[in-house]
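# Notes for the structure review
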There are 2 protein chains.
Amino acid sequence: MKLGRFVVEGLDGPVQRICMVLPEQNRVIDLRAAEALRLQARGATREAALRYASTVFPESMSAAIALGQQFLETAAEAAEKNGADASLAMDGLKWGAACDPSVVRDGLTFTKHIRQFHERMNVTPQPALLEIPGYFKGSPWTVIGHDAEVPWPARGQRIDYELELGWVIGSRANNLTPDTALSHLFGVTIFNDFSARDLQANEFAIGMGPTKSKDFAYGIGPWITTIDEFSNLSDIKMSVRVNGETWGEGDSSEMLWTPEELIAYVSIGDHIQPGDVIGSGTMGDGSAFELGRSLNPGDVVELEVGGVGVLRNRIGQRPQESWWPEPRKPFM
Amino acid sequence: MKLGRFVVEGLDGPVQRICMVLPEQNRVIDLRAAEALRLQARGATREAALRYASTVFPESMSAAIALGQQFLETAAEAAEKNGADASLAMDGLKWGAACDPSVVRDGLTFTKHIRQFHERMNVTPQPALLEIPGYFKGSPWTVIGHDAEVPWPARGQRIDYELELGWVIGSRANNLTPDTALSHLFGVTIFNDFSARDLQANEFAIGMGPTKSKDFAYGIGPWITTIDEFSNLSDIKMSVRVNGETWGEGDSSEMLWTPEELIAYVSIGDHIQPGDVIGSGTMGDGSAFELGRSLNPGDVVELEVGGVGVLRNRIGQRPQESWWPEPRKPFM
């Protein structure tokens with residue numbers, strides 16, 4: 001099943017609706033509307049039907065996934081019984097971010113990318129990369145969806161995309177093992193870890209993880225494909241196009257850490273939540289940095305992932321000069 | 001005003017109640033109960049009074065702060081009119097975490113700590129520390145409150161506290177300047193950035209920020225003191241005791257970056273939210289690491305901050321051996 005969110009104007013402003021996506025039919029099913037119709041056909045009043053349907057299909061994808069099997073089963077039933085009466089054409093749809101994760105986490109698991117990144121930087125990889133699965137945490141408040149514009153980061157010059165799989169978490173858990181982790185994987189989405197390469201230098205030197213070099217946009221979408229539709233997580237085709245030209249392609253093989261190892265490691269001492277997204281890290285050739293290139297305002301970046309679809313975002317214009325801290329004098 | 005949360009057993013399990021804290025009277029006011037009584041005295045039915053009171057004083061401190069001035073004004077009025085009828089003794093109260101931030105962020109602003117940390121590590125500070133206010137992001141799912149036990153982190157050996165101020169955000173904002181940032185500061189709490197020093201080495205080498213060395217416990221509490229009660233944010237007395245013995249003391253002076261600079265910087269490109277907590281970074285002598293010491297299971301750590309109170313946590317026992325990733329073979 002493919003699940004996403006679209007945005008419509010409500011009485012009090014824009015609202016998000018959870019939908020089942022049928023790309024081959026070029027339409028989506030508004031699941032809240034379909035379920036309300038189904039319930040009314042079974043004797044519910046309109047008010048009660050809407051109340052129930054909005055509980056199972058709220059605005060938040062995380063809140064929907066948090067309902068467990070009830071969410072997926074109700075989605076399937078609503079779509080089957082009343083999907084035709086609650087369909088919208090995909091053309092012209094305004095998409096929301098497929099997920100609203102409580103925490104954005106992003107790993108580093110593809111060996112080809114790690115190798116090429118270090119070659120480009122002309123540095124030796126830290127042995128620590130072989131000891132533990134590294135990952136960083138990003139602000140959940142800069143997540144954007146399909147077709148959304150990427151705000152150009154303040155003071156950034158060398159803007160980049162990163163082609164990644166997004167592992168969508170299905171249930172609350174902690175202290176998992178790789179054996180138990182896979183059952184908490186709800187689905188796969190596309191994750192674009194937009195980066196300002198020039199801002200990364202100071203942030204890397206400080207050693208507290210990325211801040212302004214990453215926390216301006218995390219692209220998540222266009223939708224989630226549930227995990228039952230994948231037979232092999234190391235054989236997913238991936239490619240990236242900039243302004244229609246292919247800049248990189250490959251697949252999800254050559255993983256230093258498997259998805260189940262990454263998820264299990266993230267869950268140690270910490271708690272994963274329904275709807276959380278854990279980025280796989282960049283695929284080899286999945287960043288412009290590896291090619292010695294970078295993005296310009298107006299560029300259109302399309303990430304394509306087999307079994308999911310295409311996540312497309314346009315890079316915004318450079319903002320006006322804003323406040324930036326004055327450097328301090330040495331104190332040691 | 002001092003605002004915290006306590007935990008009581010409800011029909012469906014434990015629930016959090018927001019309270020006004022009166023430490024000098026050794027009691028708290030259950031604000032939801034006080035407000036419901038006040039409304040009933042003004043003609044509301046019991047059901048409507050509870051509905052309104054639970055909207056203004058929900059379980060989440062972030063959701064309450066998000067109501068803006070309505071939250072503080074209603075709290076003051078409910079406490080004045082019906083506080084006496086909704087009081088509980090502080091003795092025996094089970095505290096919740098004062099805040100439930102959407103993101104934990106933690107800075108590095110006290111020069112004495114930075115100096116002593118680098119001296120102890122025998123390394124030269126990175127010039128980048130003078131260029132931008134460094135901060136890391138932590139999982140909001142490991143926040144604990146006053147009197148809660150600190151889970152001993154898997155594989156950790158050298159466990160430490162960090163004595164910090166927690167800047168509590170009052171409203172949603174982005175792209176602030178230091179001039180506009182202070183008006184978004186709701187109050188001050190105590191922030192204990194518990195750390196596993198031995199786990200930091202690999203994580204620092206990877207350069208993606210702390211993960212397992214920090215994401216096991218962030219102590220926040222015992223309550224929030226609203227910002228109007230502070231006349232000078234650089235003159236707050238701070239101290240730490242371990243098992244009753246003072247291990248460090250000082251104040252909030254000698255800041256490399258002011259709170260308003262840190263908040264403004266965090267807000268660049270990103271979005272701060274009501275109830276978010278931004279740690280000040282550790283005060284000089286505010287970690288055991290600077291003293292060449294570390295904590296043991298059962299140790300009781302008390303952080304005292306002038307104008308707030310004492311945040312006390314006991315270190316838990318070492319857990320049983322759990323899963324940990326197998327090191328990988330070099331691939332370059």
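Just so it is clear, the model here is predicted, and its values are computed rather than measured.

## Concerning the environment of Ala44 of chain B
All names here are of chain B. Note on placement: Ala44 falls in the loop between helix H1 (31-41) and helix H2 (46-56). Taking the relative accessible area as the measure of exposure, Ala44 reaches 27% and is therefore partly exposed. The spacing of Ala44 and Ala76 is 32 residues in sequence and 19 Å in space, taken between C-alpha atoms. In contact with Ala44, not counting residues within four places along its chain, are Leu39 and Ala49.

## Here we look at the domain arrangement of chain A
All names here are of chain A. Domain assignment breaks chain A into domain 1 (2-89) and domain 2 (104-315). Averaged C-alpha coordinates put domain 1 and domain 2 at centres separated by 29 Å. Each side of the interface is counted separately: domain 1 has 11 residues, and domain 2 has 13 residues. On the domain 1 side of the interface with domain 2, the three residues burying the most area are Lys2, Leu3 and Ile65, jointly 59% of the side's total. The tally of links from domain 1 across to domain 2 stands at one salt bridge. For Lys2, the salt bridge goes to Glu229, with nearest N and O atoms at 3.2 Å. At the surface where domain 1 touches domain 2, the tally comes to two residue pairs in polar contact (both at pLDDT 80 or more). Elements with a minimum of two residues in the side of domain 1 that touches domain 2: strand E1 (2-10), helix H3 (61-65) and helix H4 (69-82). Considered class by class, the residues forming the side of domain 1 that touches domain 2 number eight nonpolar, two polar and one charged.

## Considering the interface of chain A and chain B
Contact with chain A, which involves 67 residues of that partner, is made by 67 residues of chain B. Buried area between chain A and chain B, both sides added, is near 5,900 Å², and the carbon and sulfur share of it is 70%. As a salt-bridge pair, Glu261 of chain B and Arg328 of chain A come within 2.8 Å of each other at their nearest N and O atoms. Counting the contacts that link chain A with chain B gives 23 residue pairs in polar contact (both at pLDDT 80 or more).

## Looking at the sheet that holds strand E15 (residues 245-251) of chain B
All names here are of chain B. One open sheet accounts for five strands, arranged E8-E18-E17-E14-E15; its pairing is mixed. Of all strands in the sheet, those bounded by a partner on one side alone are strand E8 (149-150) and E15. Looking at chain direction, E8 and strand E18 (residues 309-315) are connected through two bridges and run parallel. Considered in E18, the bridge of Val150 is made with Ile315.

## Observations regarding unusual backbone geometry
Residues and elements named next belong to chain A. Residue Pro222 is bonded to the preceding Gly221 through a cis peptide linkage, with omega at 0°. Its place among the elements puts Pro222 in strand E13 (residues 218-226). In the Ramachandran plot, Asn26 falls in the positive-phi region, its phi being about 55° despite a non-glycine side chain. For Asn26, a relative accessible area of 32% corresponds to the partly exposed category. Positive phi values are uncommon outside glycine, yet Glu254 reaches one of about 60°. Structurally, Glu254 can be placed in the loop between strand E15 (245-251) and helix H8 (259-266).

## Overview of the state of the cysteines
All told, the structure shown has zero disulfides over all chains when counted by the stated rule. Sulfur of Cys99 of chain A: no disulfide; nearest cysteine sulfur belongs to Cys19 of chain A and is 12 Å away.

## Thoughts on the pairing of strand E1 (residues 2-10) of chain B
Residue and element names in this part refer to chain B. Sheet topology note: the E1/strand E13 (residues 218-226) ladder contains two bridges and is antiparallel. Each bridged residue has a counterpart across the sheet, and for Leu3 the counterpart in E13 is Ile224. As judged from the eight bridges shared by E1 and strand E2 (residues 13-22), these two strands associate in the antiparallel manner. Its bridge partner being in E2, Gly4 is matched across the sheet by Cys19. Between the antiparallel neighbours E1 and E2 lie two residues.

## Quick look at the packing of aromatic side chains
Counting across every chain of the model gives 18 aromatic pairs over all chains. The positively charged end of Lys212 of chain B is found above the aromatic ring belonging to Tyr265 of chain A, 5.6 Å away from the centroid.

## So, helix H1 (residues 31-41) of chain A
Residue and element names in this part refer to chain A. Buried residues of H1: Leu31, Arg32, Ala34, Glu35, Ala36, Arg38 and Leu39, and no others. Residues of H1 that are buried sit in contact with E1, strand E2 (13-22), strand E3 (27-30), helix H2 (46-56) and H4. At the exit of H1 stands Gly43, carrying a positive phi of roughly 100°.

## With respect to the pattern of salt bridges
For the structure on display, the rule yields 40 salt bridges over all chains. Here Arg197 of chain B ties to Asp160 of chain B by a salt bridge, and the two come within 2.9 Å at their closest N and O atoms. Of the two residues, Arg197 of chain B sits in helix H7 (residues 197-206) while Asp160 of chain B sits in strand E9 (residues 159-160), which places them 37 residues apart along the sequence. One salt bridge connects Arg241 of chain B with Glu304 of chain B, and the closest N-O pair in it is separated by 2.9 Å. Highlighted residues: Arg241 of chain B in strand E14 (residues 237-242) and Glu304 of chain B in strand E17 (residues 300-305), separated in sequence by 63 residues. Its relative accessible area of 18% is what places Arg241 of chain B among the buried residues. One network of salt bridges, in which partners are shared, links Asp160, Glu162, Asp193, Arg197 and Lys214 of chain A.

## Considerations on the side chain of Ser239 of chain B
All names here are of chain B. Its location among the elements puts Ser239 in strand E14. Exposure remark for Ser239: the relative accessible area of 12% places this residue in the buried category. Apart from the residues within four sequence positions on either side, Ser239 is in contact with Leu163, Gly248, Glu249, Glu302, Leu303 and Glu304.

## A look at the relation of the copies chain A and chain B
Each copy of the sequence occupies a distinct position, and chain A is placed on chain B by a rotation of 180° and an axial shift of 0.0 Å, giving an RMSD of 0.0 Å. The superposition operator between the copies reduces to a two-fold rotation axis. Nearest to the rotation axis, the C-alpha of Gly209 of chain A is located 1.8 Å from it, this being the minimum over chain A. Counting the interface residues of chain A, we find that 100% of their copies in chain B are interface residues as well, pointing to one common contact surface.

Rules and cut-offs
Residues numbered from 1 in each chain as written. Chains lettered and ligands numbered in written order. Predicted model: local features only at pLDDT ≥ 70, side-chain atom pairs only at ≥ 80, totals over all residues. Heavy atoms only, no water. Helix = DSSP H or I, 4+ residues; strand = E, 2+ residues; numbered from the N terminus. Buried < 20%, exposed > 50% of the residue type's maximum accessible area, 1.4 Å probe, protein only. Contact = heavy atoms within 4.5 Å. Domains from an automatic or database assignment. Buried area = accessible area lost by both parts, 1.4 Å probe. Salt bridge = Lys/Arg side-chain N within 4 Å of Asp/Glu carboxyl O. Polar contact = N/O pair within 3.5 Å; in protein donor to acceptor, adjacent residues only side chain to side chain. Nonpolar A, V, L, I, M, F, W, Y, C, P; charged D, E, K, R; others polar. Pairing = 2+ DSSP bridges. Disulfide = S-S within 2.5 Å. Phe/Tyr/Trp six-rings, centres within 6.5 Å; stacked < 30°, edge-to-face > 60°. Lys NZ or Arg CZ within 6 Å of the ring centre and 35° of its normal. Least-squares fit on C-alpha atoms with pLDDT ≥ 70 in both.

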